[in-house]
Amino acid sequence: MNMLHRISLYRRLWLIPRARMSSSSSFFHDKSCGTLPHPKSQARPATSTIIPAYLVDTYWWAYLHPKGVQLFERDWIVNAILWGNYNLLATEMLREINPDKTTLQIACAYGNVTTRLALGMRAPLDVVDVAPIQIENLRTKLEAAGALDKEVGLMLSDATKLTNISNASREQVVMFFLLHELPKQARREALAEAWRVLADGGKLIIIDYHRPTRWSFHRYFMPFVFHTLEPFAMDLWKSQITDWLPKATGYSMRKDVFFQGLYQKVVITKASSSLLCSTH
């Protein structure tokens, strides 16, 4: 059984039906959830979080169910999903990070990318996610790696509404395979929020899918995968990531592609408001 069939089977044979994970469930409308304690600072103000409907409807099996977390939090599975490129892509992201600058990672990620990021940081690092189970999973990983001794903050927050993060307060913002999982409007809002909290001169670092070259097998196979498992991912084949940035913003952009063009690293440096947009 190949990986696609195996994952599809897990979706259909989950022990708890989707009906029990509806948006009306108290699990998804947790009004008591707020910011989790920052080890080296005071806890941030509490905030309510509601799991977005698209996440419940589309990705409950991968990110919200305990068995999904248990299944996908395995390095070999994450690496297989990315066709053996997980370490390459994580390293490419980390290569862009200045450990002496304040950093925000928007959304948790399976695998060791965040623990590697945290262990290398000397400035504060915050990680936000809308799902309590993902925050707790990351906390467990950081503790096991000894990274909770670092100045790492874990916050419950929707990527489209970073209400507990001030304007221009982070020098680096990271999105690691987040955008392809967002519907178009949520993607625009998440990028607008990332741009809002990014300081002038700061870097927005994005790793995600990209349209492969014409001669790549993945150009013809991956649409089937996306249709089955990732219904919003094809948007990244049709548009540039900068197309979803807020209009009238100044930036410079650098893009690199990997694995016959299936993956991209986009680094967008925010200019001061007085400068015009340029790309290279």
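The following paragraphs examine the structure supplied in this document. Residue positions are counted from 1 within each chain, in the order its sequence is given. The predicted origin of the model limits local features to residues at a pLDDT of at least 70 and limits the giving and counting of side-chain atom pairs to 80 or more, whereas totals for whole chains, interfaces and linings rest on all residues. Side-chain figures throughout are based on the complete set of non-hydrogen atoms in the structure, without hydrogens or water.

### Some details on the overall build of the chain
Phase 1 of the analysis: Helix and strand assignments come from DSSP, with helices taken as H or I runs of at least 4 residues and strands as E runs of at least 2, each series counted from the N terminus. Along the backbone of the chain there are 10 helices and nine strands.
Phase 2 of the analysis: Long-range contacts, defined as pairs at least 24 residues apart, comprise 71% of the intrachain contacts of the chain with a sequence gap of at least 6.
Phase 3 of the analysis: Where accessible areas are quoted, they stem from the Shrake-Rupley method and a 1.4 Å probe; at the residue level, only the protein chains shown are allowed to cover. Summed over all atoms, the accessible surface of the chain reaches about 12900 Å², with 55% contributed by carbon and sulfur. For this analysis, residues touch if any pair of their heavy atoms sits within 4.5 Å.

### Structural notes on the packing of aromatic side chains
Phase 1 of the analysis: Here a pair means two rings of Phe, Tyr or Trp (six-membered ring of Trp) with centres within 6.5 Å. Their orientation is stacked below 30 degrees between planes, edge-to-face above 60, and tilted elsewhere. Applying the stated criterion across every chain yields a total of 19 aromatic pairs.
Phase 2 of the analysis: Consider the rings of F72 and Y110, whose centres lie 6.1 Å apart with planes at 20°: the pair is stacked. Here Y110 lies in the loop between β3 (103–106) and α6 (113–120) and F72 lies in helix α3 (residues 66–72), a separation of 38 residues in the sequence.
Phase 3 of the analysis: Relative accessibility under 20% of the residue-type maximum defines a buried residue, over 50% an exposed one, and the middle range a partly exposed one, all with a 1.4 Å probe and only protein chains included. With relative accessibility at 10%, the residue Y110 sits in the buried group.
Phase 4 of the analysis: Ring geometry for F177 and Y209: centres 5.4 Å apart, planes at 75°, overall edge-to-face.

### As for the pattern of salt bridges
Side chains carrying opposite charge are able to pair once their charged atoms draw close together.
Phase 1 of the analysis: Any carboxyl oxygen of Asp or Glu within 4 Å of a side-chain nitrogen of Lys or Arg constitutes a salt bridge here. Applying the stated criterion across every chain, the model contains 12 salt bridges.
Phase 2 of the analysis: R95 serves as the salt-bridge partner of E92, at 2.8 Å between the closest nitrogen and oxygen. With E92 and R95 both in helix α5 (residues 86–95), this residue pair falls three residues apart, about one helical turn.
Phase 3 of the analysis: A relative accessible area of 57% places R95 in the exposed class.
Phase 4 of the analysis: One salt bridge in this structure joins D100 and R122, with 2.7 Å as the shortest N-O distance. Pair noted here: D100 is in the loop between α5 and β3 and R122 is in the loop between α6 and β4 (125–129), with a separation of 22 residues, a long-range link.
Phase 5 of the analysis: On the accessibility criterion, D100 (46% relative accessible area) is partly exposed.
Phase 6 of the analysis: By relative accessible area, R122 is classed as exposed at 58%.

### Considering the sheet that holds strand β8 (residues 251–258)
Phase 1 of the analysis: Here, a strand pair is defined by DSSP locating no fewer than two bridges between the strands. Read across the sheet, seven strands follow the order β5-β4-β3-β6-β7-β9-β8 without closing on themselves; strand pairing throughout is mixed. In this open sheet, the two edge strands, each paired with only one partner strand, are β5 (152–156) and β8. The sheet shows a mean angle of 15° between the axes of neighbouring strands, direction not considered.
Phase 2 of the analysis: Bridge count for strand β6 (residues 170–176) against strand β7 (residues 198–209) is six bridges, and the pairing is parallel. From the neighbouring strand, M175 faces β7, where its bridge partner is I206.
Phase 3 of the analysis: Every axis corresponds to a line fitted to the C-alpha atoms, with the helix fit spanning only the stretch in contact, and the corresponding angles, defined between N-to-C directions, vary from 0 to 180 degrees. Set on the sheet, α6 makes contact with β3, β4, β5 and β6; between it and β4 the angle comes to about 155°.

### Concerning the pairing of β4
Phase 1 of the analysis: Burial analysis of β4 places five of its five residues in the buried class, the great majority of the element.
Phase 2 of the analysis: What you see with β4 is no split at all: L125, V127 and D129 on one side and D126 and V128 on the other are buried throughout.
Phase 3 of the analysis: As paired elements, β3 and β4 share four bridges and run parallel to each other. Note that in β4 the partner of T103 across the bridge is L125.
Phase 4 of the analysis: Note on handedness: a crossover is taken as right-handed if, strands pointing away from the viewer, the path from the first strand over the helix to the second is clockwise. Between the parallel pair β3 and β4, the chain is carried across by α6, and the sense of this crossover is right-handed.

### Here we look at the environment of Y263
Phase 1 of the analysis: Here Y263 shows up in strand β9 (residues 263–270).
Phase 2 of the analysis: A relative accessible area of 0% places Y263 in the buried class.
Phase 3 of the analysis: Note: C-alpha distance between Y263 and D208 (55 residues apart in sequence) is 5.7 Å.
Phase 4 of the analysis: Every residue in contact with Y263, bar those within four places of it in the chain, is listed here: I81, L82, W83, N85, L89, F177, D208, Y209, H210, D256, V257 and F258.

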